[in-house]
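Residue-level structural notes
Now for the letters of each chain:
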Amino acid sequence: MKGLLIKDFYSTLRQLKYFILVIFLMTFIPGFSMLTFAIVYATMLPMTAIAYDERSKWDKLAAMMPYSSADITFSKYVMGGLMVVGVAIFACFAQAIVGIFTRTPLTGMFFAKLLLVLCFAFIIEDIELPLLIRFGAEKGRIAIVLLLVVIGVGGATLIESTSVLLFQAMDLGLLLLIALAAAAVLTALSVLLSIKLYEGKKE
Amino acid sequence: MNAIEVRGLSKTYDDFRLDKLDLNLPEGCIMGLVGENGAGKSTTIKLIMNAIRADAGSVAVLGEDNRGKAFLKLKEDIGVVLDEAYFPEVLNAVNVNLVMRNTFMNWDEKKYYSFLERFSLPEKKQFKDFSRGMKMKFAISVALSHNPRLLILDEATSGLDPMIRDEILDIFNDFTREENHSVLLSSHIVSDLEKICDYIAFLHKGKLVFCEEKDMLLEKYGLLRLSKSDFEAVPEKAVMGKKVTGYGVEALVLRDAVPASFPQERPGIEDIILFMARGENK
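Nothing here was measured: the structure is a model prediction, and the numbers come from that model. (Residues numbered from 1 in each chain as written. Chains lettered and ligands numbered in written order. Predicted model: local features only at pLDDT ≥ 70, side-chain atom pairs only at ≥ 80, totals over all residues.)

Residues and elements named next belong to chain B. Pairing is antiparallel in the open sheet, where 3 strands are placed in the order S11-S13-S12. The two strands at the open ends of the sheet, each matched to only one other strand, are strand S11 (221–226) and strand S12 (239–245). Strand-to-strand twist across the sheet, computed as the mean angle between neighbouring axes with direction ignored, equals 15°. Examined bridge by bridge, S11 and strand S13 (residues 248–254) share 6 bridges and lie antiparallel to one another. The partner of glycine 222 across the bridge, within S13, is valine 253. (Pairing = 2+ DSSP bridges. Helix = DSSP H or I, 4+ residues; strand = E, 2+ residues; numbered from the N terminus. Axes fitted to C-alpha atoms, helices over the stretch in contact; angles between N-to-C directions.)

Following this line, the structure appears as structure tokens:
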């Protein structure tokens, strides 16, 4: 799997160096919204790696090498995970540096919120990767946008109507615990589903 | 031992069926898999490598069932070159070395760079800027640099100029100097196969027409060129395929089933295949 990761990193870094640079620059902007965007943008990188694989028809060659379907599929999750965690770690340093000048040191709340965003990023990847593997980068991208709109609009409506009080009342620790558990369970299910979908392509 | 053993292998698509394929590639030999476009050569190779699922039949490669768990590890010993190179286009030869070093346990970096040098392939040039000839030579370099015992090549020489093809065929010949090294080479360029193969397997419309030693094939068949009236005296059983023109009849015959009074020419593999495929014999 290490070989697959190296290939994906070379492909994406070569072709998306400015996009990645923008992601890292965004983490320097004070406040949390840009940082959230930066991490969410990082979740798009496995999508790009899949698109490049499709363009070069890499899967045809990979099927001849000692890679299992699990290796090929799981490598995309690992790549996505490393990207979002990498951006999050970099964001800590970036915000700490910015904090020196703005006299706003990093607080426990910052790290809790960052962890929450990370869980959200993992959940996005858990949704997008099976779609990309099933439908390919082109159609999968459309499916992801539609799904994210539905989730976004649906989630916002839900929060505005009923759940806002529940979230306000909920302890942040409990919320984090729920988010971590949801990300872990969804990731496990998503990986299994993606492997099954990839295997299905062998028909 | 056979490097490849295929038994009753079948695969059906909407518009194509590979039908009960049986073939053996003995260890240490080169087998040419020949057939028209769409005959089932690539499907056979994908099935051998377990890249697609067979509907029926079995495949053993280097003594291992290709559906077993051990086959994944065995792929270390199989070098594959497909009809295109399929490496990510932004990678260069140095990057590919790093990828392959972390893919194949047997990866031989020294051998890889010596192949790059032998083929005059640039180390830093991105793959997208390679010509087709360079791409195929690069794919062959990669396939040979993890010390495989079996090489499988799917139309690896198609679209290349004769000089490069010849150079590549020499490499395959060198590869089989080691007695446990074997090659399965699919191509529709019959002259390439005739040059280097020990065995020829002919696939036609998803069916195996024959799989025989090349020298046996050349011994077994003869080529007749006769007038229509003279041809009537040729035993019907001996005729494997014929072509009737305004000038007479050209026919592929079983050499031993035709009286010695008929002058026979030695056919090439291409003649044998064309007459067999034409199916005008009966």
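Let us look at the interface of chain A and chain B. In many reports, interface size means the accessible area that the parts give up when they come together. The interface of chain A with chain B comprises 21 residues on the first partner and 24 residues on the second. A total of 8 residues in the side of chain A that touches chain B trace back to one element, the largest contributor, which is helix H1 (residues 2–15) of chain A. Of the residues contributing to the side of chain A that touches chain B, the split by class is 9 nonpolar, 5 polar and 7 charged. (Contact = placed C-beta atoms within 7 Å. Nonpolar A, V, L, I, M, F, W, Y, C, P; charged D, E, K, R; others polar.)

A word on the domain arrangement of chain B. All names here are of chain B. When its domains are assigned, chain B resolves into domain 1 (2–205) and domain 2 (217–278). Contact with domain 1, which involves 7 residues of that partner, is made by 7 residues of domain 2. When residues of the side of domain 1 that touches domain 2 are traced back to their parent elements, those giving at least two are helix H7 (190–196) and strand S9 (199–204). Looking at side-chain class alone, the side of domain 1 that touches domain 2 contains 5 nonpolar, 1 polar and 1 charged residues. (Domains from an automatic or database assignment.)

Residue and element names in this part refer to chain A. When you line up the elements, alanine 49 lands in helix H4 (residues 45–56). The spacing of alanine 49 and methionine 79 is 30 residues in sequence and 9.1 Å in space, taken between C-alpha atoms. If near-sequence neighbours (up to four positions away) are discounted, alanine 49 is found in contact with Asp8, Ser11, Thr12, Lys76 and Met79.

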